[in-house]
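# Commentary on secondary and tertiary structure
One letter stands for each residue in the lines below.
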Amino acid sequence: MFHNLEKNIHAAFRDGLLARFGLDTDFGLEQPRQSSFGEIAVPVAFQLARTLKQPPAKIAAELVDVVGSIPGVAAMEVAGNGYINIRFDRAAFAETVLKGDAVPASKPGKTIIEHTNINPNKAAHIGHLRNAVLGDTFVRMLRAGGRRVEVQNYIDNTGVQVADVVAGFHFLEHKTLADVAALINGAERFDFICWELYARTSQHYKDNPEALAWRASTLHEIEAGTGELADLAHLVADNIVKLHLATMLRLNIQYDVLPRESEILHLKFWAAAFELLKDRKAIYLETEGKNAGCWVMPSSAFRGDDEANEDSKVIVRSNGIVTYVGKDIAYQLWKFGLLGRDFYYRHHTLYADGHQVWVSTDHRQDLPEPEFGNGETVYNVIDVRQSYLQDVVVAGLKALGFSGQAERSIHFSYEMVALSPRCCADLGMTLSEEDAKRPYIEVSGRKGLGVKADDLMDKLVSTAFTEVALRHPEDNEAAQLAVATEIAMGALRYFLLKFTRNTVIAFDFQEALSFEGETGPYVQYSAVRARNIFRKLDARGETIPDFTTALSHEAFARHFADEDLWQFFLTASKSDSAVERATASGEPAQVAKYAFQLAQTYNNFYHQFQVLSEPDAERRIFLLWMTDFFRLQLERTLSVLGIAVPAYM
RNA sequence: GGGCGCGUAGCUCAAUUGGAUAGAGCAUCAGCCUUCGAAGCUGAGGGUUGCAGGUUCGAGCCCUGCCGCGCCCA
């Protein structure tokens, strides 16, 4: 579609630049400000004006001359003292779209995306949702572009957060393994119970600092892997992971593999990485100062080497305990297939669509095992607060001599989800005077301060359900609920995607619960409208005409002489281009923006043209084809966003 | 103290990475429902892009200095 023609035009100008000026400059194409200027603008002449010491308009004219004719392009003209404006051959473009052009060729190499990564010690909150939705949408974007992607969800089942909940159950509440097992099977959600317990345990530590000894002994047992506390840790973490996967499935988010911290420990990933780091002199044993006895990475490795006295990063503490960064480096090496060790895997969850999630294990299984890791490019979806640690991990790769992999280790960062002061009030939280003046308040799992993911989703579903039941009282409740769920999840995914990554989301119920304006349901609604036209057609006993035989080149030329129709069509043809652009800039919000723009455009078309009552036979077929094309593009774009199209709205 | 990021309409955000007249939604006001269902559409008002300089054909975007806010490291 649009993207193919775009690529051809770009290539033609590249060749032209080489032929006429002998230059291989990087340049972009853009959309002209006004539609009357044409479909694509090439601003490259401005770029060259300085180096060539010639006026942009002159360069542009020469370029147009040397490029000559491009298939699918009707005209090129120089305007605005240097822009080259390009007009498509409308009928020819429509015909290529009608015939359906090639799907993107599958690209070599595997991309690994790690996202979600929630500590398995409590219920997921909205911050985790932003992570998972961003990660999942980026996965969908890459796959739509023909890339092979593996989705990893790392499980830190041996960390401090799990230990604190285990300590809470054991020391604070004196619960046995059997007691906790009973809670898991009980009526109340286990992750919600842990949410409260985690907050209570944290508060207890604060009031009784000596109780921190609980954490230490729990961590010790977990690391050793035996004893009641270690068993309890597995019980808690395994069950909460199941709940997290179910929560994410509500939002159409799936995973391929769950690498766990426990296997990183048992399979001695760190030991392998440690040897590598020592061998290649990436870290050294500090002999003096506050870090004496620690293995550290010199600061020059991960910061500008301007200041000599900056702090180096401790990788192994003097007591021999490895820090998080150390383990992260080992895991990152494994993702690239550079560690020389591997996990074993067993089945975890089987989704209804047949997709199998695997989880790491520490011994060989009987069943044939899949291959994970060994990626070419690795994206870590982690919030911006972890930037420093991510930099250290990349510096580790670089210090080991893996500079290519270091460059292809991408911290896919995003800003946090905070709570608006009004939202805090809604939740019945009392804020300090200082906090109340802030634009937003940070979520804190330790304080139990936050909006639980499932609570929010339930609230959205019930809001949507009320509306659906009101609009479609004729349908049964189960079907109404199914529709309401799709609308609710569409609203939530869109809400989390419409902000660019480095915008802090100050969460607000009123905004998130809105189904009007720039929202997921708005886009879903226009897709439903397009489908309804075909449903109506079917109800009248008519069949969809064969557009390929019914619409000729001449017919397209006639109908696309109408500027409005042409602009509608043009917008709809850009879905692949929008996704490609968004992928290049790593910004899923751009796909969301395009989806909204596409829906707006379709709604305009819908109001401006009555399809089924159109008296002219050929024009009616043409409008039906337009409707079909809009429907397809809306569905495709929504599927990239992971948003379903409800049966009705 | 050091590092990273942010500041755009009353509010929440965009702006194709330096491009043509800075755009959307919400809110406000004025209109459009015998139905391809209004979760929609049309229109109006609302801007010195925090402030002051600089770089160039061109700056919301780049550079410098302030002011305000947030996060991370110590």
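Remember, it's a predicted structure, so these values are computed and weren't measured experimentally. Residue numbers here run from 1 along each chain, matching the order of that chain's written sequence. Key to labels: chains lettered from A, ligands numbered from 1, both in the order written. Only residues with pLDDT of at least 70 get local features here, since the model is predicted, and only at 80 or more are side-chain atom pairs given and counted; chain-wide, interface and lining totals rely on the full set of residues. Side-chain numbers come from the whole structure's heavy atoms, not from hydrogens or water.

### What about empty space enclosed by the protein?
Lining residues are those with an atom within 4 Å of a point, where the points come from a 1 Å grid over the protein atoms alone and group into cavities, where a 1.4 Å probe fits but cannot get out, or pockets, open sets with protein on both sides within 12 Å along at least five of seven lines. Grid points are joined across faces, edges and corners, and a volume is the space filled by probe spheres set on the points. Counted according to the given criterion, the structure contains 3 cavities of 30 Å³ or more. A volume near 60 Å³ is recorded for the largest cavity. Forming the walls of the largest cavity are N157, T158, I222, G225, A230, A233, H234, S262 and H266. Of all the elements in the fold, those that place two or more residues in the lining of the largest cavity are α10 (228-249) and α11 (261-266). Helix numbers and strand numbers start at the N terminus; a helix is a DSSP run of H or I with at least 4 residues, a strand a run of E with at least 2. Broken down by element, the residue count for the lining of the largest cavity peaks at 3 residues, all from α10. Across the lining of the largest cavity, the residue classes break down as 3 nonpolar, 6 polar and no charged. Considered as a void within the structure, the second largest cavity measures approximately 50 Å³ in volume. Around the second largest cavity sit A491, Y494, F495, K498, E511, A512, S514, E518, T519 and G520, which together line it. The classification used treats Ala, Val, Leu, Ile, Met, Phe, Trp, Tyr, Cys and Pro as nonpolar, Asp, Glu, Lys and Arg as charged, and all other residues, Gly among them, as polar.

### Some words on the side chain of S575
Among the secondary structure elements, S575 is positioned in helix α25 (residues 575-585). Within the structure, S575 has its side chain in polar contact with the side chain of Q633 (distance 2.9 Å). Only heavy atoms matter for contacts: two residues are in contact if any of them lie within 4.5 Å across the pair. With sequence-adjacent residues up to four places away left out, S575 is seen in contact with M1, Y594, Q633 and T637. In the analysis that follows, any N or O atom pair within 3.5 Å is treated as a polar contact, provided that within protein one partner can donate a hydrogen and the other can accept it, and provided that, for residues neighboring in sequence, both atoms belong to side chains.

### Remarks on the protein's contact with RNA strand B
Around RNA strand B lies a shell of 53 residues, among which Q34, Y83, T500, R581 and F609 are the nearest. Among all atoms of RNA strand B positioned within 4 Å of the protein, those belonging to sugar or phosphate total 69%. A distance of 3.3 Å separates a sugar or linking oxygen of RNA strand B from a polar atom in the side chain of N603. At the level of secondary structure, the elements contributing two or more residues to the surface near RNA strand B comprise α2 (44-52), β3 (83-88), α18 (453-471), α21 (520-539), α25 and α26 (589-608). When its residues are assigned to classes, the surface near RNA strand B shows 21 nonpolar, 15 polar and 17 charged. Put simply, a residue is near a molecule or strand once any heavy atom of it comes within 4 Å of that molecule or strand.

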